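Structural characterization, general
Chain by chain, the residues:
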Amino acid sequence: MSDLGAQLQLGGRQVLVVGGPARALGLLGRLLDRGARVTVVAPQVATSIQDLAERHALTWHARAYTATDLDGIALLVVCPGSDDEPELRDSLQRAAADANTADILIAELETRPGTLREPAAATAGGPGSVALVGGGPGDPGLITVAGLAAVHGADVLVVDRLAPLEVLRDLPPHVEVIDVAKIPRGRFTPQERINEVLIEHARAGKRVVRLKGGDSFVFGRGMEEVIACREADIPVEVVPGVTSAVAAPELAGIPVTHRGVVQGFAVVSGHAAPDDPRSTVDWAALAASGVTIVILMGVETLPRIAATLLAGGRAAQTPVACVMEAASARQRVVSTTVGALAREGTPDGIAPPAVTVIGDVAAFAVP
Ligand code: SAH
């Protein structure tokens, strides 16, 4: 399976994945990064797989497999772990043979020992640990060397939906992948439960890696997890990551600062709109600050943010660039202005996850 991408030209081709465990996230990340058109068939899937479906990165049919699912596919992947797996495997092999689809490659989600390292003997009750790893904006090339080493040394990986999923492929069989994704306004694992999961596994002597998107301390609730571990006397370390606040603009050609244009940038959560009583951001001060404004988690609130910035003195023609699904095959950029946003609302085609850049540097955006 590790050579899958090398063996097959997957761009644009149909891949059917039967089953949807968290363990399949690495493979799915790889297939999507290679431009494959992925369909997952499984009555239930890990939260991050559901999230990918909701972001239209793949198609999920929430049902059992049927023989017609094979029509037109180039690659079939069978995930291990379901009760009826042996039967399913037989029927799939027969169906593939009957359909005379010789070019269908049947692959199995690997369960063999990984090549990265031998399974570590986890010492029950011994000193486990937790490492918070910032995984970067999504491309597996944008996790740090230290972060990747921590992933490869983990016994348990506790992952978020925006983490670089492809780094989870080829894991040794003893490694457990736990998906604790939070879909905005959807399915989620509460933060308290995430803290417990980290502590429980570390107490059992495991090396736990908490893999997040971007950097753990930029709207990542990383410090809450550090504090929980410290209170439980669990050794905890933090491996910095490349934050999407800088990387997403950069991947769209936008520098957050530029000599002669702007001397600073502010990263702000758009989760609570300016008129929301929960907002503690001084938006008028930001409007007047003259620095680039980078907004995370703010697709819905953008028009209200723009109106507040206008009222605070930002020019209506100030460029705005929205970078969506940065560092993935699905990356897109939509450009507008503060005035148009305030007047006309969020343009069509803007959907989360997105990083929005407001300021003259946004004019550098490459569509
Ligand atoms: N800790 C993360 C941010 C977590 S908050 C970091 O440092 O990057 C989640 C928000 O990050 C999303 O709502 C979106 O605004 C932004 N984001 C994360 N990854 C992204 C990506 N690949 N493309 C666009 N926006 C992204």
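Keep in mind it's a predicted model, so treat the numbers as computed, not measured.

Here the focus is the sheet that holds strand E11 (residues 265-269). Read across the open sheet, the 5 strands follow the order E11-E12-E15-E13-E14; overall the sheet is mixed. Strand pairing shows two members of the sheet lacking a second neighbour, E11 and strand E14 (332-337), which therefore form its edges. Each adjacent strand pair in this sheet contributes to an overall mean axis angle of 20°, direction not counted. Summarising the sheet, E11 and strand E12 (residues 292-296) pair through 5 bridges and their orientation is parallel. Bridged to Val267 within E12 is Val294. Along the sheet, helix H8 (residues 244-251) makes contact with E11, E12, strand E13 (319-324) and strand E15 (354-358), crossing E15 at roughly 80°.

Overall, parallel pairing links the 5 strands, which are arranged E8-E7-E9-E6-E10 in an open sheet. At either margin of the open sheet sits one strand with a lone partner, and together these are strand E8 (176-179) and strand E10 (236-239). Averaged over all adjacent pairs, the angle separating strand axes in this sheet is 20°, with direction ignored. Looking at chain direction, strand E6 (residues 129-134) and strand E9 (residues 207-212) are connected through 6 bridges and run parallel. Looking across to E9, one finds that Ser129 is bridged to Arg207. Against the sheet, helix H6 (residues 191-203) engages E6, strand E7 (156-159), E8 and E9, with an angle of about 155° to E9.

What follows covers helix H2 (residues 25-33). With 8 of its 9 residues buried, H2 lies for the most part within the structure. Backbone geometry just downstream of H2 places Gly35 in the positive-phi region, at approximately 85°.

Our focus in this paragraph is the confidence of the model for the chain. Of the residues in the chain, 87% have a pLDDT of 70 or more, and the chain-wide mean is 89. Residue range residues 111-123 is modelled with pLDDT below 50. Its contacts to residues more than four positions away, or to other chains, number 27 contacts.

Here the structure, examined in full by the defined rule, presents 19 salt bridges. A salt bridge links Arg161 to Asp51; its shortest N-O distance comes to 2.9 Å. Residue Arg161 is located in the loop between E7 and E8, and its partner Asp51 is located in helix H3 (residues 47-54); the two are separated by 110 residues in the primary sequence. In this structure, Arg161 and Asp51 share a single accessibility class: buried. With a shortest N-O distance of 3.6 Å, Arg169 and Glu166 are connected by a salt bridge. Since its relative accessible area comes to 24%, Arg169 is described here as partly exposed. Each of Asp51, Arg55, Arg161, Glu325 and Arg330 takes part in salt bridges that share partners, so that together they form one network.

Now for the site of the ligand. As a structural note, the neighbourhood of the ligand is formed by 17 residues, with Asp215, Val218, Thr243, Ser244 and Ala354 the closest of them. In this structure, Gly213 approaches the ligand through a main-chain N or O atom, which is 3.1 Å from a nitrogen atom. One of the backbone N or O atoms of Met297 is found 3.0 Å from an oxygen atom in the ligand. Notes on the ligand: free accessible area 540 Å², of which the protein chains cover 91%. Its residues assigned to classes, the shell around the ligand comprises 11 nonpolar, 4 polar and 2 charged. Residues lining the shell around the ligand come from more than one domain, with at least three contributed by each of domain 2 (120-242) and domain 3 (245-364).

Each value, and the rule that gives it
In this numbering scheme, every chain counts its residues from 1 along its sequence in written order. Only residues with pLDDT of at least 70 are given local features in this predicted model, and only at 80 or more are side-chain atom pairs given and counted; all residues enter the totals for whole chains, interfaces and linings. The side-chain figures draw on all heavy atoms in the structure; neither hydrogens nor water molecules are used. At least two DSSP bridges between two strands are required for those strands to pair. Helix and strand assignments come from DSSP, with helices taken as H or I runs of at least 4 residues and strands as E runs of at least 2, each series counted from the N terminus. The axes are straight lines fitted to the C-alpha atoms, using for helices just the contacting stretch, and the angles between their N-to-C directions are given from 0 to 180°. Two residues qualify as a contact provided that any one of their heavy atoms is within 4.5 Å of a heavy atom in the partner residue. Exposure classes here rest on a 1.4 Å probe applied to the protein chains alone. A residue is buried below 20% of its type maximum, exposed above 50%, and partly exposed in between. Confidence of the predictor at the level of single residues is given by pLDDT, which spans 0 to 100. Definition used for salt bridges: Asp or Glu carboxyl oxygen within 4 Å of a side-chain nitrogen of Lys or Arg. Residues are classed as near a molecule or strand on a simple rule: at least one heavy atom within 4 Å of it. Think of a polar contact as two N or O atoms within 3.5 Å of one another; within protein, one of them needs to be a possible hydrogen donor and the other a possible acceptor, and neighboring residues in sequence only count if both atoms come from side chains. Here the accessible surface of atoms and residues is derived via Shrake-Rupley with a 1.4 Å probe, and residues count as covered only by protein chains that are part of the display. Any residue outside Ala, Val, Leu, Ile, Met, Phe, Trp, Tyr, Cys, Pro, Asp, Glu, Lys and Arg is labelled polar, Gly included; the first ten of those are nonpolar and the last four are charged. An automatic or database domain assignment is the source of the domain bounds shown.

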